[in-house]
Amino acid sequence: MYKIAVIPGDGTGPEVIREGLKVLEAVGTAEGLKFDFVHYDLGGERYLRTGEVLPDSVLEELRTQFDAIYLGAIGHPDVKPGILEKGLLLRLRFELDLYINLRPVKLYPGVDTPLKDKGPEEIDFVVVRENTEGQYAGAGGILRKGTPHEIAIQESVCTRMGVERCLRYAFEYARRRNKKKKVTLCGKTNVLTYVFDLWERVFHEIGEKDYPDITRDYAHVDATVMWMVKNPEWFDVIVTENMFGDIITDLGAMIQGGMGIAAGGNINPEGVSMFEPIGGSAPKYTGKNVVNPLACIGAAAMMLENLGETNAAQRVENAIQKVCSTHLKSMAAGKMGYTTQEVGDLVVRYL
Ligand code: IPM
Ligand code: MN
C-alpha cells in the first residue's frame, strides 16, 4: 500500500490530477498495487479563504506520513505572484530537501516539435536541476527602498555539499540510463567565476574519481540553449544550478511538444519526493476540460518509477506514447481533438 499525498492546487491542477489518479488506480489494479490517496486543499483558494499557504502541521504530515506527493499546479490570478510559489512550492522543495529537480526532455513518436528535421531519435535527454540552492535560496535584500539610492541584491548560494550531491545524482543517473553515458555541466564559468568554479571543480574531481565510465562535457548556459535547438542529440544528461535549470527546462518542454506533455520530479533520494507537471495553473483554461493531462500522467509514471514500481511506470509511459502516436492531433490545450477526460480514458485503455 502506497500512501500518496495529493495536492491538486490551482486552476487546471485539479482537472489533470483527476486523470492522473484515474490512471494510477487502473495501473494499480493491473499490477496489484494499492494506493491510499490523501487530498490536501492547499493553493490559492485556501489562501484567499483562510490566509494559510502551508500550515506547519501539514508540512509535518507530508514529511512523515507519505511515500510520495502528487502535485497539480500552483498559481492563482487573484494572489500576488510569489506568495504561493514561495510559500508552497518552493517551501516544500526546501523543507523536504527535494534537492533534485528531474526533468526528462523526450519527444514521443507522433508528437510535433518546433525543431525542423529533429525527431524522437534526436530529442531524448534529461535535465538534472539543482533544486534547493542558487538564487532560489533567497539570499539578498532591498535597502533604502523607494529612494533614489535604493539597492537590491539577490545572491546565488551554492554549497560544496549541495553541488556535490546534485552532481553525483547526475552521474549516477547517466550510468543507470545507460545511453550515451555523458553528463554535460551547464554553467557560466566565464562570468559567474565563483559559483561555477566550485561546480566545475567538483564535477571533474568526483567525475574522475568515482565515475570514470561517464563522459564529462561542459557548455555555457547560453550555448546550451543554442545546442538544445540546433543539436539536441548531443545531450544525454545535463546537470545545472537552480535558475539555469528553471530556464532551460521550459525550452526543453517546448522541443518535446509543449507544456501539455512535460513532467518533472522534485526528488529527495533519501526521503519523500514530489511529482508534478511542469506547466502552470493555466487560469484561462480552468474548468473547460481542454488541457492536456499527459504531463500530469507522465509525472505519475515518474512517481511509480521512483517508488520502485518499474513495470507499472513503464506501462503508463507506453500507454502515453500510444495515445500520442495514434490519437492526439496536438499536445496543446483545446487542440488535442479530445477533452482532458477523454485523454485520461485513452491512457487507461492502453494500459
Ligand atoms: C518551475 C516553476 C517554479 C520555479 C516557480 C513557479 C516558482 O517555474 O517549477 O519551474 O521557478 O522553479
Ligand atoms: Mn519554471
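Up top you'll find the structure we're talking about.
A brief report on the enclosed structure follows. Given the structure is predicted, the values throughout are model-derived calculations rather than measurements.

Right, let's get into unusual backbone geometry. Working note: non-glycine residues mostly have negative phi, and peptide bonds are mostly trans. We note that Arg-144 has phi near 55°; this positive angle belongs to a residue other than glycine. By the element assignment, Arg-144 lies in the loop between strand S6 (140–143) and strand S7 (151–154). With a relative accessible area of 45%, Arg-144 lands in the partly exposed category. One non-glycine residue, Ala-282, lies in positive phi territory at about 40°. Examined against the element boundaries, Ala-282 turns out to sit in the loop between strand S12 (273–277) and helix H9 (294–306).

It is worth spelling out the site of ligand 1 at this point. All residues adjacent to ligand 1 are Glu-85, Leu-89, Arg-93, Arg-103, Arg-129, Tyr-136 and Asp-246. One of the side-chain N or O atoms of Tyr-136 is found 2.6 Å from an oxygen atom in ligand 1. Surface burial for ligand 1 is 75%, taken as the share of its 320 Å² of free accessible area covered by protein chains. Considering each element in turn, the shell around ligand 1 owes the most residues, three residues, to helix H4 (residues 83–95). Its residues assigned to classes, the shell around ligand 1 shows two nonpolar, no polar and five charged.

What follows deals with the nonpolar core. Formed by 87 residues in total, the largest nonpolar core has its most connected members in Ile-4, Tyr-70, Trp-199 and Leu-294. For this core, the leading source of residues is H9, giving nine residues. Within the second largest apolar cluster, 22 residues are counted, among which are Ala-5, Leu-42, Leu-54 and Leu-92.

Cut-off values and rules
- Residues numbered from 1 in each chain as written.
- Chains lettered and ligands numbered in written order.
- Predicted model: local features only at pLDDT ≥ 70, side-chain atom pairs only at ≥ 80, totals over all residues.
- Heavy atoms only, no water.
- Helix = DSSP H or I, 4+ residues; strand = E, 2+ residues; numbered from the N terminus.
- Buried < 20%, exposed > 50% of the residue type's maximum accessible area, 1.4 Å probe, protein only.
- Near = heavy atom within 4 Å.
- Polar contact = N/O pair within 3.5 Å; in protein donor to acceptor, adjacent residues only side chain to side chain.
- Areas by Shrake-Rupley, 256 points an atom, 1.4 Å probe, with all protein chains shown as cover.
- Nonpolar A, V, L, I, M, F, W, Y, C, P; charged D, E, K, R; others polar.
- Core = buried A, V, L, I, M, F, W, Y, C linked by side-chain atoms within 4.5 Å.

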